[in-house]
Amino acid sequence: MNSASTTISGTFGKQRPFVISGPCSAETEAQMITTAKLLAATGKVDAIRAGIWKPRTRPGQFEGAGLEGLKWLAMAKQETGLPITTEVANAGHVEACLKAGVDILWIGARTTVNPFSVQEIADALKGVDIPVMVKNPVNPDLELWMGALERIERAGIKKIAAILRGFSSFEKGPFRNAPMWDLAIELKTRIPGLEMFCDPSHISGNRELIGMISQKALDLDMAGLMIESHPNPDAAWSDARQQVTPSALAALLDALVVRSVSTDDRSFKDTLAVLRDQIDQIDDEIMQKMANRMKISRQIGQYKKDNNVTILQVSRWEEIVHTRVSLGKAMGLDEGFTRDLLRLIHHESIQVQTKVMNEAAVKV
Ligand code: PEP
Ligand code: MN
């Protein structure tokens, strides 16, 4: 894809981060206008978002206000002077948005997975000059994400951005959708000029983690953030847990540190070099310790084999997890991280012991 022109933040000539905020769904006229006014009053928001047609995972929930909601979004633009954006999932949505004066469109995660739908949107956009943002597909498939971006580009759209909103998985982790930052980094590497936004609201699924994820996005040089906000988040008709009030949003944005990608400052470079040397050294030590640990596992495997004992002894494993997690906690390590690390080490240790068990006995 031609990367040079793929910028959305350039549209509004904004220093990063470009901040898009607003409710998950436009619910009522009053909620939409109140949110927009409060957001505009913070002076920290560059565009207003609201879902008009909501793709709900299960039926029987609020599926969006539809065309009526689009009118409220257009009113929000009039009231605040801020550009507006919403999700489109088919050609009808695109036409309605263009008619209503929507400034930026985005394609949602459940639509990016479907090339038929993306192509339908692309066809509806032929000859139109409007920025389009493409959220990652729900499944971690980089080709699918790239394919959607390419379909939009081939329709002649000049201003294109990608949005990382995380990937769903059966295994439940700390996030509603696993961020898988490396996929976004890989996409940016493949399309260097592509503006990458982050949607920390859908990644985290709860408002407590939004600040931390936003900071990480900025540290990865992302161009902007899309954060859901609502005047009364707990009463929201969709995604209540992850929405923040406009004033909480302002505080969250104030707390973010915007770091530059590189600097010519000599002392910065020297300090970085020293810290990186330390990391290299520690990594060497970790690898060495792992190798030693596996060597001992091999010896244990041999001993168990000689004495006809099973490899896995659950009580021993439980004891390991218990003591290491407490130790990790005391040292300020995240419990989930310690558990993941132990699981990985234990898995490898069992492999090593299984190999020893299955080796033919060496005759002496
Ligand atoms: C949304 O932004 O409210 C939304 C439905 O997002 P996603 O497509 O990322 O689930
Ligand atoms: Mn939402």
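What counts and what doesn't
- Residues numbered from 1 in each chain as written.
- Chains lettered and ligands numbered in written order.
- Predicted model: local features only at pLDDT ≥ 70, side-chain atom pairs only at ≥ 80, totals over all residues.
- Heavy atoms only, no water.
- Domains from an automatic or database assignment.
- Donors = N, O, S within 2.8 Å, 3.2 Å for Na, K, Ca; no water.
- Helix = DSSP H or I, 4+ residues; strand = E, 2+ residues; numbered from the N terminus.
- Buried < 20%, exposed > 50% of the residue type's maximum accessible area, 1.4 Å probe, protein only.
- Phe/Tyr/Trp six-rings, centres within 6.5 Å; stacked < 30°, edge-to-face > 60°.
- 1 Å grid on protein atoms, 1.4 Å probe; cavity = no way out; pocket = protein on both sides within 12 Å on 5 of 7 lines; lining within 4 Å.
- Points joined across faces, edges and corners; volume = space filled by probe spheres on them.
- Nonpolar A, V, L, I, M, F, W, Y, C, P; charged D, E, K, R; others polar.

With respect to the domain arrangement of the protein chain
Consideration 1: Here the protein chain is described as being made up of domain 1 (3–255) and domain 2 (266–358).
Consideration 2: One C-alpha centre belongs to domain 1, the other to domain 2, and the line joining them spans 40 Å.

Some thoughts on the coordination of the manganese ion (ligand 2)
Consideration 1: Within the protein, the atoms that donate to the manganese ion (ligand 2) are Cys24 (SG), His202 (NE2), Glu228 (OE) and Asp239 (OD), at distances of 2.1 to 2.4 Å.
Consideration 2: Site description for the manganese ion (ligand 2): donor spacing in sequence, C-x177-H-x25-E-x10-D. Of this pair, Cys24 sits in the loop between β1 (18–22) and α1 (29–42) while His202 is found in helix α8 (residues 200–204), placing the two residues 178 residues apart along the sequence.
Consideration 3: Here Cys24 falls in the buried class, since its relative accessible area comes to 2%.
Consideration 4: Residue His202 is classed as buried on the basis of its relative accessible area of 8%.

Some points on the packing of aromatic side chains
Consideration 1: By the definition in use, this model includes three aromatic pairs.
Consideration 2: Plain terms: the ring middles of Phe18 and Phe197 are 6.0 Å apart, the flat faces sit at 65° to each other, and that makes the pair edge-to-face. Taken together, the residues Phe18 in strand β1 and Phe197 in strand β7 (residues 195–198) connect sequence positions 179 residues apart. An identical accessibility class is assigned to Phe18 and Phe197; each is buried.
Consideration 3: Between Phe62 and Trp237, the aromatic rings sit 5.0 Å apart at their centres with planes inclined by 90°, giving edge-to-face as the arrangement. Of the two residues, Phe62 sits in the loop between β2 (47–49) and α2 (67–80) while Trp237 sits in the loop between β8 (224–228) and α10 (246–254), which places them 175 residues apart along the sequence.

Overview of the layout of surface pockets
Consideration 1: One number sums up the size of the largest pocket: a volume of about 600 Å³.
Consideration 2: Partitioning the lining of the largest pocket into residue classes produces seven nonpolar, five polar and seven charged.
Consideration 3: Each of domain 1 (3–255) and domain 2 (266–358) accounts for three or more of the residues forming the lining of the largest pocket.
Consideration 4: Size it by volume and the second largest pocket reaches roughly 340 Å³.
Consideration 5: Of all elements in the fold, only α11 (266–306), α12 (314–330) and α13 (335–358) reach the threshold of two or more residues within the lining of the second largest pocket.
Consideration 6: Of the residues forming the lining of the second largest pocket, the biggest block, five residues, is contributed by α11.
Consideration 7: Residue composition of the lining of the second largest pocket, by class: seven nonpolar, five polar and four charged.

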